[in-house]
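# Reading the structure
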Amino acid sequence: MDFKKKTKRMDFSVLGSKGQIWVQQFWSYNYTTKGGATAWTSKEKKDFHKEIERVIRKAWNGKFVLSVSGTSDFANYFKDKPFVVKFDIDPKTSGAHWKVTAVKVPKGKFNGSVVNWGKQEMTLDTEDTVEVNKGGGKGVKQSGAAHEFGHAIGNSKHSPAGHGDEYKSSSAFKDHKKSIMHSGMTIKKRHADYLVIELNKMIPDTTFSVKSVK
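Residues numbered from 1 in each chain as written. Predicted model: local features only at pLDDT ≥ 70, side-chain atom pairs only at ≥ 80, totals over all residues. Heavy atoms only, no water.

## Overview of the packing of aromatic side chains
The final tally for this structure, using the stated rule, is 18 aromatic pairs. Consider the rings of Trp 40 and Phe 48, whose centres lie 5.5 Å apart with planes at 75°: the pair is edge-to-face. Judged by its relative accessible area of 5%, Phe 48 is buried. Among the aromatic residues, those joined into a cluster by ring pairs are Phe 3, Phe 74, Tyr 77, Phe 78, Phe 83 and Phe 208. When the ring centre of Phe 26 is taken as reference, the NZ or CZ atom of Lys 92 above it lies at 4.6 Å. Over the face of the ring belonging to Phe 173 we find Arg 190, whose NZ or CZ atom lies 3.7 Å from the ring centre. (Phe/Tyr/Trp six-rings, centres within 6.5 Å; stacked < 30°, edge-to-face > 60°. Buried < 20%, exposed > 50% of the residue type's maximum accessible area, 1.4 Å probe, protein only. Lys NZ or Arg CZ within 6 Å of the ring centre and 35° of its normal.)

## Remarks on the layout of surface pockets
Put simply, the largest pocket is a space of about 540 Å³. What lines the largest pocket is a set of 29 residues, among which His 147, His 151, Asp 165, Tyr 167 and Lys 168 lie closest to the centre. Secondary-structure elements contributing two or more residues to the lining of the largest pocket are β7 (114–116) and α3 (144–152). Sorting elements by how many residues they give to the lining of the largest pocket places α3 first, with four residues. (1 Å grid on protein atoms, 1.4 Å probe; cavity = no way out; pocket = protein on both sides within 12 Å on 5 of 7 lines; lining within 4 Å. Points joined across faces, edges and corners; volume = space filled by probe spheres on them. Helix = DSSP H or I, 4+ residues; strand = E, 2+ residues; numbered from the N terminus.)

## Thoughts on helix α1 (residues 42–60)
Between its terminal C-alpha atoms α1 stretches 27 Å, which fits the 27 Å expected from 19 residues at 1.5 Å a residue. For α1, the complete set of buried residues consists of Phe 48, His 49, Ile 52, Glu 53, Val 55, Ile 56, Ala 59 and Trp 60. Burial along α1 is one-sided: seen end-on, the buried residues are contained in an arc of 160°. Looking at α1, the residues exposed on the side facing more than 90 degrees away from the buried face are Ser 42, Lys 43, Lys 46, Lys 50 and Lys 58. The positive-phi residue at the C-terminal boundary of α1 is Gly 62, with phi of around 75°. (Expected span 1.5 Å × (residues − 1). Arc of directions from axis to C-beta.)

## A short note on the environment of Asn 200
With respect to the helices and strands, the residue Asn 200 is situated in the loop between α4 (193–199) and β11 (206–213). C-alpha of Asn 200 to C-alpha of Ala 161: the two residues are 39 residues apart in sequence and 13 Å apart in space.

## Comments concerning the nonpolar core
Of all hydrophobic cores here, the largest spans 49 residues; its most connected members are Trp 27, Trp 60, Leu 66, Leu 195 and Phe 208. In terms of residue count, α1 provides more of this core than any other element does, six residues in total. Excluding its chain neighbours within four sequence positions, the residues that come into contact with Trp 27 are Ile 52, Ile 56, Ile 89, Asp 90, Pro 91, Lys 92, Ala 96, Trp 98, Val 100, Met 122, Leu 124 and Phe 149. (Core = buried A, V, L, I, M, F, W, Y, C linked by side-chain atoms within 4.5 Å. Contact = heavy atoms within 4.5 Å.)

## Quick word on the pattern of salt bridges
Applying the stated criterion across every chain yields a total of nine salt bridges. Its salt-bridge partner being Lys 43, residue Asp 47 comes within 2.6 Å of it at the nearest N-O pair. Taken together, the residues span about one helical turn, with Asp 47 and Lys 43 both in helix α1 at a distance of four residues. For Glu 53, the salt bridge identified is with Arg 57, shortest N-O distance 3.7 Å. In this pair, Glu 53 and Arg 57 both sit in helix α1, four residues apart, roughly one turn of the helix. Here Glu 53 falls in the buried class, since its relative accessible area comes to 15%. Taken together, the salt bridges that share partners define one network made up of Lys 5, Glu 198 and Lys 201. (Salt bridge = Lys/Arg side-chain N within 4 Å of Asp/Glu carboxyl O.)

## What about α3?
Of all nine residues in α3, nine are buried; the element is thus mostly enclosed. Listing the buried residues of α3 in full gives Gly 144, Ala 145, Ala 146, His 147, Glu 148, Phe 149, Gly 150, His 151 and Ala 152. Phi turns positive, to about 115°, at Gly 154, one or two residues after α3.

Shown next, in the form of structure tokens:
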């Protein structure tokens, strides 16, 4: 029992036989430089995407464990079986979910990364794969790519889930400094809220919910 759904910002695949839910995004890159960085080489472009995907998968893959309920045949069959959420990001020259500006900066420098939920655009720099202390406390570090990806999967104040940056004073979670949407790398159940909203539109009479976070 497998189901698939395409949306503006990501595609969903529910693989009942494997107990997996795959969330896939296609990214279209525009490469720029800043601060005197040398021009991008073809190898650097490929390596950048590989490193971004590695960081994102390390942070997010397999963390959400979902359960299913409802009156559908699918829900009845899988009611006692967990579903693990995994993520895939692939480059695509046209028809991508997201337009990504990749900024090459000198090592140790900073550009300022951002995700625009409404326009389906994001900006990342070459230092976003490095974990650094962002004020989350002693020993608490974060990679910018992992944090920004959190926005791209629905942790945005402009998405139906309504969660944005948790380090802002207006956030209900401003004290959760170790959270990946604050200054750390810890995943919380709420970080899957948008994914669950979309999943619950896929199969009639079927409801997904976050059972646990690994």
